[in-house]
Amino acid sequence: MTTAPDTPWQHRYRTPSDTARAANPVIDALLDHRSVRRYLTTPLPENTLATLVAAAQSASSSSNLQAWSVLAVQDPPRKARLSAIASDQEHIRQAPLFLVWLADFSRAQRIADTRAIELQAPAYLDSLLLGSIDAALAAQNAVVAAESLGLGTVYIGALRNNVQAVIDELQLPPLVFPVFGLCVGYPDPQAPAAIKPRLGQDVVLHHETYQVDDAEPQRIAAYEQVAADFSREQGQVSGKWGEQVVQRLRDKGSLHGREILAEVLRKQGLGLY
Ligand SMILES: Cc1cc2nc3c(=O)[nH]c(=O)nc-3n(C[C@H](O)[C@H](O)[C@H](O)COP(=O)(O)O)c2cc1C
């Protein structure tokens, strides 16, 4: 007989054992993460935004360039327009706060302008990565902070389905790229989100060099079983996880407009070389 998962670790891996980890409230909070897609209309306390931004700004930043910004959207009509851009995701309209995380070299250029210098490095692919990594690390800190305050979040990569429309809506200057959005709000207790299981550590963790052994397919099949059980518990019908991976990546159709991202980025002066 299998016992129902109890601790966040057991939910995350669907394994009866959770003895392999150090335990403390921070680790428990991290393991307890789940994306939230149903929100109450309850407004956020006044100091929430400043708290989330302080957590975000406390993340590491490459060369301390702080090559990111965040744009807070609370105006319902603007949230509705952004939702329309992002495959009409209802939770963008519902959440009281929608944060758009930006890779941002425009501030650095404004600083350089005062010295009459044209920055050359932002146009290179590495800078786009740098700004996007900075923005992602900052956003994830904000997510952890939000969850610690009893708030829920969900990232919105679908903003990149039409980056030009996002740039126009938010009046983003050159050298700025919207990496993703983030809904923030109080989770609706009528639609509780669950901890979604992940691949076993023996699939994602390599030691010293990248090694794939013959047991990888069985390990992935074991995860597919766990993922199927999870979907069933959530009342969802979904194909095998491996099939979803292949379908999501097999051709550019699944990019839903993101296949022209390089073109839009070039117009922003990013990712040119
Ligand atoms: C960069 C990024 C973009 C995402 N975009 C979306 C999105 O547009 N819509 C959505 O509902 N979830 C989105 N997600 C949430 C993922 O679907 C979710 O994190 C994943 O299914 C794992 O579930 P969990 O976060 O509950 O553990 C995104 C996640 C990330 C990291």
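Everything below is about the structure shown above.
In this text, all values refer to a predicted model and were calculated from it rather than measured experimentally.

So, the nonpolar core
Counting residues in each nonpolar core, the largest one holds 53 residues, and the members touching the most others are Phe 98, Trp 101, Ile 156 and Phe 177. Residue contributions to this core peak at 9 residues, all from helix H7 (residues 125–148).

Examining a nonpolar patch on the surface
Taken together, the side chains of Leu 125, Leu 129, Ile 133 and Leu 137 make up a nonpolar region of the molecular surface, amounting to roughly 370 Å² of accessible area. By the element assignment, Leu 125 lies in helix H7.

Regarding the sheet that holds strand E1 (residues 68–73)
Spatial ordering of the open sheet is given by E1-E2-E4-E3, a layout of 4 strands whose pairing is antiparallel. Sheet topology places E1 and strand E3 (152–156) at the edges, where each strand pairs with a single neighbour. Taken pair by pair, the neighbouring strands of this sheet meet at an average axis angle of 25°, ignoring direction. Strands in contact with helix H8 (residues 163–170) are E1, strand E2 (97–104) and strand E4 (176–185); relative to E4, the strand with the most contacts, it is inclined by about 75°.

Structural notes on the site of the ligand
Contacts to the ligand come from 13 residues, most closely from His 33, Ser 35, Arg 37, Gln 89 and Lys 196. Contact between the ligand and His 33: an oxygen atom at 2.7 Å from a side-chain N or O atom of the residue. Between the ligand and Arg 198, the relevant distance is 2.9 Å, taken from an oxygen atom to a side-chain nitrogen or oxygen of the residue. Starting from 620 Å² of accessible surface for the ligand in isolation, the protein chains cover 68%. The cavity where the ligand resides is the largest pocket. A per-element tally of the shell around the ligand places E3 first, with 3 residues. Across the shell around the ligand, the residue classes tally to 4 nonpolar, 5 polar and 4 charged.

Reading the values: the criteria
Residues numbered from 1 in each chain as written. Predicted model: local features only at pLDDT ≥ 70, side-chain atom pairs only at ≥ 80, totals over all residues. Heavy atoms only, no water. Core = buried A, V, L, I, M, F, W, Y, C linked by side-chain atoms within 4.5 Å. Buried < 20%, exposed > 50% of the residue type's maximum accessible area, 1.4 Å probe, protein only. Helix = DSSP H or I, 4+ residues; strand = E, 2+ residues; numbered from the N terminus. Patch = residues over 30% accessible without salt bridge, like charges linked within 9 Å, V, L, I, M, F, W, Y side chains within 5 Å. Areas by Shrake-Rupley, 256 points an atom, 1.4 Å probe, with all protein chains shown as cover. Salt bridge = Lys/Arg side-chain N within 4 Å of Asp/Glu carboxyl O. Pairing = 2+ DSSP bridges. Axes fitted to C-alpha atoms, helices over the stretch in contact; angles between N-to-C directions. Contact = heavy atoms within 4.5 Å. Near = heavy atom within 4 Å. Polar contact = N/O pair within 3.5 Å; in protein donor to acceptor, adjacent residues only side chain to side chain. 1 Å grid on protein atoms, 1.4 Å probe; cavity = no way out; pocket = protein on both sides within 12 Å on 5 of 7 lines; lining within 4 Å. Sits in = over half its atoms within 2 Å of the grid points. Nonpolar A, V, L, I, M, F, W, Y, C, P; charged D, E, K, R; others polar.

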